[in-house]
Amino acid sequence: ASHALGLVRDGAVVGLGWGRAASAFVRALGARIREGLRARGVATSEETAHLARELGIDLVGLEADIDLTIDGADEVDPYLNLIKGYGAALVRERIVAAASRRQVILVTAEKLVDTLGSRGRLPVEVLPFALPLCRRRLGDLELKPVLRAAEDGPFVTDNFNVILDCAVGPIDDPARLERAIRAIPGVI
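If you're wondering where the values come from, they're calculated on a predicted model, not measured in any experiment.

### Observations regarding the packing of aromatic side chains
1) Next: By the definition in use, this model includes 0 aromatic pairs.
2) Next: One residue, Arg 148, lies across the ring of Phe 155, its end atom 5.9 Å from the ring centre.

### Regarding the pattern of salt bridges
Where charged atoms from two side chains of opposite charge come close, those side chains can pair.
1) Next: Under the criterion given, the structure shown has 11 salt bridges.
2) Next: With a closest N to O distance of 3.0 Å, Glu 46 and Arg 92 form a salt bridge. Of this pair, Glu 46 sits in helix H3 (residues 46–54) while Arg 92 is found in helix H4 (residues 90–98), placing the two residues 46 residues apart along the sequence.
3) Next: Overall, the relative accessible area of 44% leaves Glu 46 in the partly exposed class.
4) Next: Where Asp 165 meets Arg 148, a salt bridge forms, and the shortest distance between an N and an O atom there is 2.8 Å. Taken together, the residues Asp 165 in strand E12 (residues 162–167) and Arg 148 in the loop between strand E9 (145–147) and strand E10 (149–150) connect sequence positions 17 residues apart. With respect to class, Asp 165 is no different from Arg 148; both count as buried.
5) Next: Through salt bridges that share partners, Asp 71, Lys 84 and Glu 93 make up one connected network.

### Notes on the state of the cysteines
1) Next: Scanning the entire structure with this criterion turns up 0 disulfides.
2) Next: Not engaged in a disulfide, the cysteine Cys 134 finds its nearest cysteine sulfur in Cys 166; these two sulfurs lie 9.6 Å apart.

### Here we look at the pairing of strand E4 (residues 68–72)
1) Next: Among the 5 residues that make up E4, 5 are buried, leaving the element largely enclosed by the rest of the structure.
2) Next: The side-chain alternation of E4 yields two buried faces, one formed by Leu 68, Ile 70 and Gly 72 and the other by Thr 69 and Asp 71.
3) Next: Sheet analysis places strand E1 (residues 12–16) next to E4, joined by 3 bridges and oriented parallel. Paired with Val 14 across the bridge in E4 is Leu 68.
4) Next: Relative to strand E7 (residues 103–106), E4 runs parallel, the two being bridged by 4 bridges. When the bridges of E7 are listed, Thr 69 appears paired with Gln 103.

### Considering the side chain of Thr 69
1) Next: Here Thr 69 is to be found in strand E4.
2) Next: Here the side chain of Thr 69 touches Ser 100 through a polar contact of 2.4 Å, side chain to side chain.
3) Next: If sequence neighbours within four positions are ignored, Thr 69 has contacts with Gly 15, Val 96, Ala 97, Ser 100, Arg 102, Gln 103 and Val 104.

### Remarks on the sheet that holds E9
1) Next: Read from one edge to the other, the open sheet built from 3 strands follows the order E8-E12-E9, with strand pairing classed as antiparallel. In this open sheet, the two edge strands, each paired with only one partner strand, are strand E8 (121–126) and E9. Taken pair by pair, the neighbouring strands of this sheet meet at an average axis angle of 30°, ignoring direction.
2) Next: Direction of pairing for E8 relative to E12: antiparallel, over a ladder of 6 bridges. Within E12, the position partnered with Leu 122 by the bridge is Cys 166.

### Concerning the packing of helix H2 (residues 20–34) against H3
1) Next: One way to put it is that H2 packs onto H3 with a least axis distance of 9 Å and a crossing angle of 25°. On the basis of their axis angle, the class for H2 and H3 is roughly parallel. Here H2 runs over H3; the crossing is right-handed. Of the residues in H3, those in contact with Ser 23, Val 26 and Arg 27 of H2 are Thr 48, Leu 51 and Ala 52.
2) Next: For the contact of H2 with H3, the per-class residue count stands at 3 nonpolar, 2 polar and 1 charged.

What counts as what
- Residues numbered from 1 in each chain as written.
- Predicted model: local features only at pLDDT ≥ 70, side-chain atom pairs only at ≥ 80, totals over all residues.
- Heavy atoms only, no water.
- Phe/Tyr/Trp six-rings, centres within 6.5 Å; stacked < 30°, edge-to-face > 60°.
- Lys NZ or Arg CZ within 6 Å of the ring centre and 35° of its normal.
- Salt bridge = Lys/Arg side-chain N within 4 Å of Asp/Glu carboxyl O.
- Helix = DSSP H or I, 4+ residues; strand = E, 2+ residues; numbered from the N terminus.
- Buried < 20%, exposed > 50% of the residue type's maximum accessible area, 1.4 Å probe, protein only.
- Disulfide = S-S within 2.5 Å.
- Pairing = 2+ DSSP bridges.
- Polar contact = N/O pair within 3.5 Å; in protein donor to acceptor, adjacent residues only side chain to side chain.
- Contact = heavy atoms within 4.5 Å.
- Axes fitted to C-alpha atoms, helices over the stretch in contact; angles between N-to-C directions.
- Parallel < 35°, antiparallel > 145°, perpendicular 65-115°, else oblique.
- Left-handed = near helix turned anticlockwise from the far one by under 90°.
- Nonpolar A, V, L, I, M, F, W, Y, C, P; charged D, E, K, R; others polar.

Put into structure tokens, the structure is as follows:
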């Protein structure tokens, strides 16, 4: 987080990810803003937005030109392939990253794996309407999807979608699996 903070220039618009590493960066950015750095943020989740406001970081939307996005990952392989989404901000993180000139992923040693899928979970955000179809199609890919639960029913994302946590083992061809999953109507 400290190293990434050094990449933020005065007047920058920064995409703010969600998760433990990204939250550490948001806290560090808030401290620098209190010291006089001028920067605004684009939050990737309601939790990030709440934290940023609490720390005095002004927020803007996608109408701003985003200079840099700082986020974390749940798994990173030696080829820099990532699994993201344990924190359930998949879609917004992807959109903010795509709108950014540059993206930096914060990674701690425990996130490094030899092969993606080593932790056995791959989150997939889907439209609630398409849930039955997505479950079947993900099952056809032998991913064993399980609907992520909250205390009172299915977990619902900030975009009012649901998450299917898919059981995976080592993923031999991450790009092929990504294409197959994204080809399923209803996967966001």
